[in-house]
Amino acid sequence: GDVYKRQYQRRVRVNLEAMNAMRTGAQAMKSIHKNMSVDQVDDTMADIQEQMDVANEISDAISQPVGSDMYGEFDDLEAELEALEQEDLDDKLGSLEANLAPMASPTAASTTTTSISSPAVPKSDPEDEEAQLRQLEAEMAI
């Protein structure tokens, strides 16, 4: 009988200690929850999510190549430069055609000289056109 009595007392003590531990835990949780409600937790979680979203936006902004929005502007400028270069080339070609036209037809040279030029090329004297032709020939030789 004494063995059973001691085992019984030991089980009662373990149960009592477990009960006291659970009571202490419950009181600690009550104390913590006095300063916190489900709504406060929800608000805090929403604040955390909002700040995480801001951090992600900042990270995305930092990871973008510097000047990446400038590529569109660069393409526009490149197209404009190409158009200007083409216009310049058309002007030079028109001037060259104007100088070659009298040489191609001897009868045209003896009659009225008609120069072929684009509207963008202003009329100039023949000596100036000769200088432009020499300059164009020099540029083409390079």
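None of the values given here were measured: they were computed from a predicted structure.

Engineer: Any chance you could explain a negative patch on the surface here in plain terms?
Structural biologist: Together, Asp39, Asp42, Asp43, Asp47, Glu50, Asp53, Glu57 and Asp60 give the surface a local cluster of negative charge. Residue placement: aspartate 53 occurs in helix H2 (residues 38-63). Judged by relative accessible area, aspartate 53 falls into the partly exposed class, the value being 35%.

Engineer: What is the right way to look at the pattern of salt bridges in this model?
Structural biologist: Working definition: two side chains of opposite charge can pair if their charged atoms are close together. Tallied over the full model, the rule gives two salt bridges. Taking the shortest distance from any N to any O, the salt bridge between aspartate 88 and lysine 92 comes out at 3.6 Å. Placement of the pair is aspartate 88 and lysine 92 together in helix H3 (residues 70-104), with a separation of four residues, close to one helical turn. Residue lysine 92 pairs with glutamate 139 through a salt bridge whose shortest N-O separation is 2.8 Å. Here the residue lysine 92 occupies a position in helix H3, and glutamate 139 occupies one in helix H5 (residues 126-141), the gap between them amounting to 47 residues. Judged by its relative accessible area of 26%, lysine 92 falls in the partly exposed class. By relative accessible area, which is 35% here, glutamate 139 ends up partly exposed. Through salt bridges with shared partners, a single network forms among Asp88, Lys92 and Glu139.

Engineer: Looking at this structure, I do not really get the confidence of the model for the protein chain. What am I missing?
Structural biologist: Low-pLDDT portions of the prediction should not be read for the details of their coordinates. For the protein chain, per-residue confidence averages 81 on the pLDDT scale, and residues scoring 70 or more make up 77% of the total. Across the protein chain, helix H1 (residues 2-34) holds the top mean pLDDT of 93, while helix H4 (residues 106-110) sits lowest at 50. Contacts from residues 108-113, a stretch scored under 50 in pLDDT, to residues over four places away or in other chains number three contacts.

Rules behind the numbers
- Residues numbered from 1 in each chain as written.
- Predicted model: local features only at pLDDT ≥ 70, side-chain atom pairs only at ≥ 80, totals over all residues.
- Heavy atoms only, no water.
- Patch = residues over 30% accessible without salt bridge, like charges linked within 9 Å, V, L, I, M, F, W, Y side chains within 5 Å.
- Areas by Shrake-Rupley, 256 points an atom, 1.4 Å probe, with all protein chains shown as cover.
- Salt bridge = Lys/Arg side-chain N within 4 Å of Asp/Glu carboxyl O.
- Lys, Arg positive; Asp, Glu negative; His and termini not counted.
- Charge placed at Lys NZ, Arg CZ, Asp CG, Glu CD.
- Helix = DSSP H or I, 4+ residues; strand = E, 2+ residues; numbered from the N terminus.
- Buried < 20%, exposed > 50% of the residue type's maximum accessible area, 1.4 Å probe, protein only.
- pLDDT = per-residue confidence, 0-100.
- Contact = heavy atoms within 4.5 Å.

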